[in-house]
Amino acid sequence: LYTRFHPTFFYEAVLNLFFFSLLLYLSRKLKIKGQIFALYLIFYSTARFITEFWRIDTWVIDGIKIAYLFSACAFIFGMMLFWLQSQKKA
């Protein structure tokens, strides 16, 4: 029997490469220390959240994938960090 599955590692790698290119571009535009790291957290958690829909080898607790919880926490932390860093400039 053959099992078909999505190449989620490839999907995540492509998304991370796209986000890396975007971060390189934004690193020239943003001059506030810490904002690039905050954007990395936001972008990585977004990529992980998207690709987690197709993954079959993930940990689940009560029907919720652990990666979803981690991604949500990283996204919220990244948004808060980005906001705090932008407030320092003002």
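These numbers come from a predicted model, not from an experiment.

Parameters and conventions
- Residues numbered from 1 in each chain as written.
- Predicted model: local features only at pLDDT ≥ 70, side-chain atom pairs only at ≥ 80, totals over all residues.
- Heavy atoms only, no water.
- Helix = DSSP H or I, 4+ residues; strand = E, 2+ residues; numbered from the N terminus.
- Buried < 20%, exposed > 50% of the residue type's maximum accessible area, 1.4 Å probe, protein only.
- Polar contact = N/O pair within 3.5 Å; in protein donor to acceptor, adjacent residues only side chain to side chain.
- Patch = residues over 30% accessible without salt bridge, like charges linked within 9 Å, V, L, I, M, F, W, Y side chains within 5 Å.
- Areas by Shrake-Rupley, 256 points an atom, 1.4 Å probe, with all protein chains shown as cover.
- Salt bridge = Lys/Arg side-chain N within 4 Å of Asp/Glu carboxyl O.

What follows covers the side chain of S45. Examined against the element boundaries, S45 turns out to sit in helix 2 (residues 35–51). You can call S45 buried: its relative accessible area is 3%. Polar contacts involving the side chain of S45 include one to the main-chain carbonyl oxygen of I42, which spans 3.0 Å.

Residues F49, I50, F53 and W54 make up a contiguous nonpolar surface patch of about 390 Å² in total accessible area. On the secondary structure map, F53 appears in the loop between helix 2 and strand 1 (60–61).

Glancing now at the pattern of salt bridges. Taken as a whole, this structure holds two salt bridges when the rule is applied. Between E52 and R48 there is a salt bridge whose closest N-O contact spans 3.1 Å. D57 is paired through a salt bridge with R55; the nearest N and O atoms lie 3.2 Å apart. Overall, D57 belongs to the partly exposed group, its relative accessible area being 48%.

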